[in-house]
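The lines below spell out each chain.
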Amino acid sequence: MRTLTFNGQRFSVLDDENVLDTLLRNNIAIAHGCRSGACQACMLMAKADQIPDDCQHGLSKVRIQQGYFLSCCCEPEQDMDIQLPDLKAEKHLATITEKRLLSARTLRLRLQCRLRWRAGQYITLWLNDSARCYSIASVASIDDFIELHIQVYPDGAVSPSLANNINVGDALAIQGPFGECVYDNKQSQQNLLLIASGTGLAPLLGVARDALSQNHQQPIHLLFRSKQASDFYAVDALRKLKDQYPQFSFSLNSDEPAPDTKDSSTDTWQLHLRTHFAELRGSRVYICGSDEFVRQARKQCFMQGATARDIICEAFINFSPER
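Residues numbered from 1 in each chain as written. Predicted model: local features only at pLDDT ≥ 70, side-chain atom pairs only at ≥ 80, totals over all residues. Heavy atoms only, no water.

Our next topic: the overall build of the protein chain. Along the protein chain, the regular secondary structure elements total seven helices and 17 strands. Contacts spanning at least 24 positions in sequence make up 66% of the contacts within the protein chain whose residues lie at least 6 apart. In the form shown here, the protein chain has an accessible surface area of approximately 15,600 Å², with 45% of it arising from carbon and sulfur atoms. Side-chain charges in the protein chain split into 34 positive and 37 negative, and the spacing between the mean points of these groups amounts to 4 Å. (Helix = DSSP H or I, 4+ residues; strand = E, 2+ residues; numbered from the N terminus. Contact = heavy atoms within 4.5 Å. Areas by Shrake-Rupley, 256 points an atom, 1.4 Å probe, with all protein chains shown as cover. Lys, Arg positive; Asp, Glu negative; His and termini not counted. Charge placed at Lys NZ, Arg CZ, Asp CG, Glu CD.)

Two strands in a sheet stick together by hydrogen bonds in their backbones, pointing the same way (parallel) or opposite ways (antiparallel). Across the sheet, which stays open at both edges, the five strands sit in the order β2-β1-β5-β3-β4 with mixed pairing between neighbours. Across the chains shown, the open sheet's two edge strands, defined by having one partner strand only, are β2 (9–12) and β4 (68–70). Strand-to-strand twist across the sheet, computed as the mean angle between neighbouring axes with direction ignored, equals 40°. For strand β1 (residues 3–6) and β2, the ladder comprises four bridges, and the chain directions are antiparallel. From the neighbouring strand, Thr5 faces β2, where its bridge partner is Arg10. (Pairing = 2+ DSSP bridges. Axes fitted to C-alpha atoms, helices over the stretch in contact; angles between N-to-C directions.)

By the element assignment, His149 lies in strand β10 (residues 146–151). Within the structure, the side chain of His149 is placed 2.7 Å from the side chain of Glu147, a separation counted as a polar contact. Beyond its immediate sequence surroundings of up to four residues, His149 is in contact with Leu102, Thr106, Leu107, Arg108, Tyr134, Ser135, Ala137, Thr199, Ala202, Leu205 and Tyr233. (Polar contact = N/O pair within 3.5 Å; in protein donor to acceptor, adjacent residues only side chain to side chain.)

Judged by how many residues are buried, strand β9 (residues 130–135) sits mostly within the fold: five of six residues are covered. Two strands pair when backbone bridges link them, and strand β8 (residues 122–127) and β9 are joined in this way by six bridges, in the antiparallel orientation. If you follow Leu125 over to β9, its bridge partner there is Arg132. Between the antiparallel neighbours β8 and β9 lie two residues, among them Asn128 with a positive phi of about 60°. (Buried < 20%, exposed > 50% of the residue type's maximum accessible area, 1.4 Å probe, protein only.)

This next bit is on unusual backbone geometry. Working note: non-glycine residues mostly have negative phi, and peptide bonds are mostly trans. The residue after Gly176, namely Pro177, is reached through a cis peptide bond having omega 10°. Looking at the secondary structure, you find Pro177 in strand β11 (residues 171–178). Positive phi values are uncommon outside glycine, yet Asn27 reaches one of about 60°. On the secondary structure map, Asn27 appears in the loop between α1 (19–25) and β3 (43–46). The exposed category is assigned to Asn27, whose relative accessible area is 72%. Phi angles above zero are rare outside glycine, and Asn215 is one such case at about 65°.

Its location among the elements puts Asp143 in the loop between β9 and β10. Within the structure, the side chain of Asp143 is placed 2.9 Å from the side chain of Arg209, a separation counted as a polar contact. When near neighbours in sequence (up to four residues on either side) are disregarded, Asp143 contacts Trp117, Ser138 and Arg209.

Under the 1.5 Å per step criterion, the end-to-end length of helix α7 (residues 291–303) is 18 Å for 13 residues, consistent within 8% with the ideal 18 Å. Listed in full, the buried residues belonging to α7 are Phe293, Val294, Ala297, Gln300 and Cys301. End-on, the buried residues of α7 take up no more than an arc of 140°, which puts them together on one face. Turned more than 90 degrees from where α7 packs its buried face, Lys299 and Met303 sit exposed. Looking at the buried positions of α7, the neighbouring elements they touch are β12 (192–197), β13 (220–226), α6 (269–276), β16 (284–290) and β17 (311–316). The positive-phi residue at the C-terminal boundary of α7 is Gly305, with phi of around 110°. (Expected span 1.5 Å × (residues − 1). Arc of directions from axis to C-beta.)

We now examine a negative patch on the surface. There is a patch of like negative charges on the surface, built from Asp15, Asp16, Asp53, Asp54, Glu75 and Glu77. Within the secondary structure layout, Asp53 lies in the loop between β3 and α2 (61–66). (Patch = residues over 30% accessible without salt bridge, like charges linked within 9 Å, V, L, I, M, F, W, Y side chains within 5 Å. Salt bridge = Lys/Arg side-chain N within 4 Å of Asp/Glu carboxyl O.)

Taken in spatial order, the six strands line up as β9-β8-β11-β6-β7-β10 in an open sheet, and their pairing is antiparallel. Edge positions in the sheet fall to β9 and β10, since each of these pairs with one other strand and no more. Looking at each pair of strands side by side, their axes are set apart by 40° on average, direction ignored.

This brings us to the packing of α6 against α7. Where α6 contacts α7, the axes come no closer than 11 Å and their chain directions differ by 20°. The orientation of α6 relative to α7 falls into the category roughly parallel. α7 is crossed by α6, and the crossing has right-handed handedness. Here Trp269, Gln270, Leu273 and Arg274 of α6 come into contact with α7, specifically with Phe293, Gln296, Ala297, Gln300 and Cys301. Of the residues that constitute the contact of α6 with α7, the class distribution is five nonpolar, three polar and one charged. (Parallel < 35°, antiparallel > 145°, perpendicular 65-115°, else oblique. Left-handed = near helix turned anticlockwise from the far one by under 90°. Nonpolar A, V, L, I, M, F, W, Y, C, P; charged D, E, K, R; others polar.)

Next comes the structure, spelled out in structure tokens:
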């Protein structure tokens, strides 16, 4: 049986148990969030030769060389001596400058922070010892704020506090940015198809605005899917983009009967995709939403001709009950 040594204590690792779960089972308080390696909240350090190969995905080369690893993804292959890193220098304070509900369940926060970011990336937001990842909808060359769209879950660990307990002027700790779901002007001659579900709209709205601000002339279409018609939000912003830029278009697709609007479709999102975008060879496709939605949309776009290299995905982590 493998053991962990942490702060002079030794803990046995159960079969199929990762480092984070071992520590939590033994009442060791370790900051964590997504449990899937995205938020990087649960990073620990160990000797390089003790770290398995598959628990450093997404970390910088410098961090890998320094012995950082993601404890939620690490199932030890041998005994490990682990320690907490000092991440204080990597966290930034961001001031809330605007707080607004965009729909009954979607909160928009705008933050002021001295941080370099790109539209479509995500940050890790900390509230006490809980961390959650939220994508950036704003464009640095246009906006002087970081904009987040947050799905509010009544029993969530973070979102209810953001909705009910924080106010304009309050400061929050953030970390990042992370992620590669960004516009690359090397693809300026490609058609862009953006497929969003729920608050997956946030990064893709940012990608669309970024591309348009860089004079992307090829067609850009954003397919916005939601389980409930009442959860559509930022539709006015999409219409303004459509009115301003003839190369931009969008469609709404709900699992419920579509709302009475010319922007909506009565097809399922899969049928809409097959009908209107049957040939995706040469197109650049961005997909953002839940794990399952991203998996289905990626497979369908690949079957319709998009290459794996041209399909850029950002999957939200399914928290329980947060997501």
